[in-house]
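What follows is the residue order along each chain.
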Amino acid sequence: MKNILVIGSTGQIGSELTMKLRDIYGNGNVVAGYIPGAEPHGVLAESGPSEVVDITNAQQIAHTVERYSIDTIYNLAALLSAVAENKPQLAWHIGIDGLMNVLEVARERHCAVFTPSSIGSFGPNAPKNGTPQDTIQQPRTMYGVTKVTGELLSNYYTLKYGVDTRSVRFPGLISYVTPPGGGTTDYAVDIYYSAVQGKKFICPIAPGTFMDMMYMPDALRAAIEIMEADESKLRHRNSFNIAAMSFDPEIIYGKIKHYIPEFEMEYQVDPLRQAIAESWPNKLDDTCARMEWGWHHHYDLDAMTRDMIAKLRERFKK
Ligand code: SER
């Protein structure tokens, strides 16, 4: 029986993961942690308990863990890459001081912890194609610095204190539910909104820039399956490469145009996001995740595109 706290439950991943966890483990057993100003609404607010849990406030975390007898924490609080580059001190405070708070509470109260890492944890010195599970991680963005530090800190808490920490390196995540804010991979979400709403898409990433991407249902399953995995089979913990598809703006544009032939796209490259994207891998090798806990993706670019267009058309009634 799991009692789960989701920190960052109203964000890009949290808003969907919290609902999926409630489906699996019971509505009353999954607490939606949020910060004032980002309160849960609608079904997220109505379907189960929610509490103010600011990751930078260790007491709030400890209080909620005790009150609900929490045994598993999903730590999803973070600033995405482009925002983090504009607010590096805050990104560190949330990403690392916050993680330290979570790990300390987990150590004292015997909780398992999931903290996502990212393709952003690599940097320009890592092999770009087939980026291995274990390789050089020298990111040059604050987002990446917090992610690789988070991986190391989480592994440390497992080795030193036996805290059950686990993680996956998420690619760019694509969803029709909660829009992301300030990520480098977000263009691959925005492009679908433009296409379905009949607008020309202004692409901030240059043609030829490849990045790993994943449809949200696969990402949610990964976050749950890694926490359910048989611990004795895990050689790695923080963090597993996972992959589903890799494309550049031309490829996703071509795929959408196949279903919406009148769709148009124009490039206006954003130098900040372009520099970040160029420092990230083109395509990760996720063999270890597949071998150690049976990771597999369901959605490729075509399946995702068909579903995104159908769901957004329903939303915008086009
Ligand atoms: N989607 C994230 C970003 O672009 C990558 O992990 O910041």
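Everything in this summary refers to the structure shown in the same document. (Residues numbered from 1 in each chain as written. Predicted model: local features only at pLDDT ≥ 70, side-chain atom pairs only at ≥ 80, totals over all residues. Heavy atoms only, no water.)

A closer look at the pattern of salt bridges
Stage number 1. This model, assessed by the stated rule, comprises 18 salt bridges.
Stage number 2. Between R221 and E225 there is a salt bridge, with the nearest N and O atoms lying 3.2 Å from each other. Of the two residues, R221 and E225 are both situated in helix α8 (residues 216-228); the distance of 4 residues between them amounts to about one turn of the helix.
Stage number 3. Overall, E225 belongs to the partly exposed group, its relative accessible area being 25%. (Salt bridge = Lys/Arg side-chain N within 4 Å of Asp/Glu carboxyl O. Helix = DSSP H or I, 4+ residues; strand = E, 2+ residues; numbered from the N terminus. Buried < 20%, exposed > 50% of the residue type's maximum accessible area, 1.4 Å probe, protein only.)

Re the packing of helix α1 (residues 14-25) against α8
Stage number 1. The interhelical angle for the contact between α1 and α8, taken along N-to-C directions, is 55 degrees, at an axis separation of 10 Å. Between α1 and α8, the interaxial angle falls into the category oblique. As for how α1 packs across α8, the hand of that crossing is right-handed. For the pair α1 and α8, the contacting residues are E16, L17, K20, L21, I24 and Y25 in the first and M216, L220, A223, I224 and E228 in the second.
Stage number 2. Of the residues contributing to the contact of α1 with α8, the split by class is 8 nonpolar, no polar and 3 charged. (Axes fitted to C-alpha atoms, helices over the stretch in contact; angles between N-to-C directions. Parallel < 35°, antiparallel > 145°, perpendicular 65-115°, else oblique. Left-handed = near helix turned anticlockwise from the far one by under 90°. Contact = heavy atoms within 4.5 Å. Nonpolar A, V, L, I, M, F, W, Y, C, P; charged D, E, K, R; others polar.)

Considering the site of the ligand
Stage number 1. Inspection of the region around the ligand gives L80, S81, S118, Y143, G183, T184, T185 and W280 as its neighbouring residues.
Stage number 2. In this structure, an oxygen atom belonging to the ligand sits 2.9 Å away from a side-chain N or O atom of Y143.
Stage number 3. At 2.6 Å, a backbone N or O of T184 approaches an oxygen atom of the ligand.
Stage number 4. Here the ligand, which alone exposes 240 Å², has 96% of that area covered by the protein. (Near = heavy atom within 4 Å. Polar contact = N/O pair within 3.5 Å; in protein donor to acceptor, adjacent residues only side chain to side chain. Areas by Shrake-Rupley, 256 points an atom, 1.4 Å probe, with all protein chains shown as cover.)

Interpretation in functional terms is not warranted from these geometric data alone.
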